[in-house]
Amino acid sequence: QVQLVESGGGLVQAGGSLRLSCAASGSIFSINNLGWFRQAPGKERKFVATISWNDGSTYYSDSMKGRLTISRDNAKNTVYLQMSSLKPEDTAVYYCAATVDYSGTYKTWGQGTQVTVSS
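Position numbers for residues start from 1 in each chain and track the written sequence from start to end. Restriction of local features to residues with pLDDT of at least 70 applies here, the model being predicted, together with a cutoff of 80 or more for giving and counting side-chain atom pairs; totals for whole chains, interfaces and linings are based on all residues. Remark: hydrogens and water are excluded; side-chain values derive from all non-hydrogen atoms of the structure.

> Help me out: how do you make sense of the nonpolar core in this one?
Buried Ala, Val, Leu, Ile, Met, Phe, Trp, Tyr and Cys residues that are joined via side-chain atoms within 4.5 Å together make up what is termed a nonpolar core. We call a residue buried when its accessible area falls under 20% of the maximum for its residue type, exposed when it is over 50%, and partly exposed in between, using a 1.4 Å probe and counting protein chains only. Counting 29 residues, the largest nonpolar core has Trp36, Leu81, Met83 and Tyr94 as the members making the most contacts within it. Labels follow the DSSP assignment, with helices taken as runs of H or I lasting at least four residues and strands as runs of E lasting at least two, numbered in each case from the N terminus. When contributions to this core are tallied by element, the ones reaching two or more residues are strand 1 (2-7), strand 3 (18-26), strand 4 (33-39), strand 5 (46-52), strand 7 (68-73), strand 8 (78-83), strand 9 (92-99) and strand 11 (113-118). Leave out the neighbours within four places in its chain, and Met83 touches Gly16, Ser17, Leu18, Leu20, Met64, Arg67, Leu68, Tyr94 and Val115. When checking whether two residues touch, look at their non-hydrogen atoms; a contact exists if any pair is within 4.5 Å.

> Hey, could you run me through the pattern of salt bridges in this one?
Salt bridges are identified by distance alone: a Lys or Arg side-chain nitrogen within 4 Å of an Asp or Glu carboxyl oxygen. The full count for this structure, using the stated rule, is 3 salt bridges. Here Asp90 makes a salt bridge to Arg38, at a shortest N to O gap of 2.8 Å. Residue Asp90 is found in the loop between strand 8 and strand 9, and its partner Arg38 is found in strand 4; the two are separated by 52 residues along the sequence. A relative accessible area of 1% places Asp90 in the buried class. Exposure remark for Arg38: the relative accessible area of 12% places this residue in the buried category. Residues participating in the shared-partner salt-bridge network are Arg38, Arg67 and Asp90.

> I tried to follow the pairing of strand 4 on my own but got confused; where do I start?
A regular strand places its side chains so that they alternate between the two faces of the sheet. For strand 4, the buried fraction is high: 5 of the 7 residues fall into the buried class. Only strands that DSSP links by at least two bridges are regarded as paired with each other. Adjacent in sequence and paired antiparallel, strand 4 and strand 5 are bridged by 6 residues, among which Gly42 carries a positive phi angle near 80 degrees. With 7 bridges connecting them, strand 4 and strand 9 associate as antiparallel partners. By the bridge assignment for strand 9, Gln39 is matched with Val93.

> Looking at this structure, how should I read the packing of aromatic side chains?
The geometry of two aromatic rings is summed up by the distance between their centres and the angle between their planes. Here a Phe, Tyr or Trp ring, Trp counted by its six-membered ring, pairs with any other such ring whose centre lies within 6.5 Å, and the pair is stacked when the planes are under 30 degrees apart, edge-to-face when over 60, and tilted otherwise. Inspection of every chain in the model, using the stated rule, returns 6 aromatic pairs. With a centroid separation of 4.9 Å and an interplanar angle of 55 degrees, the aromatic rings of Phe37 and Trp109 are classed as tilted. Of the two residues, Phe37 sits in strand 4 while Trp109 sits in strand 10 (residues 106-109), which places them 72 residues apart along the sequence. A residue is classified by how much of its surface remains accessible, and Phe37, at 10% relative accessible area, is buried. Placement of a positive charge over a ring is assigned whenever Lys NZ or Arg CZ falls within 6 Å of the ring centre and within 35 degrees of the normal to the ring plane. Arg45 extends its terminal NZ or CZ atom over the ring of Tyr95, reaching a point 4.2 Å from the ring centre. The ring centre of Trp109 lies 4.3 Å from the NZ or CZ of Arg45, which sits over that ring.

Structure below.
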């Protein structure tokens, strides 16, 4: 099993930056992709970005493209999400998730970290 723990969220002024971290533990060898999602109150969870654990290939959502960099440090079993030029509409709980089996679906999720962007 894989366990994921997010950190790095907080309150930031519009236009500012944050770096979120997702630390993985357990069956690291099972991880295919690690992704970031966000969910605002009363809204459904939306995809943000993903990275291949093995080869580092990345994919970003259109909504935040150009303001994100997803990266990984395999030695630390950690994935990072660097966010810049933050907007109030970016306010949400940010989750990391892993694909760990043949289905390619995100079945393992962290607890989430709150990001609040003030105007």
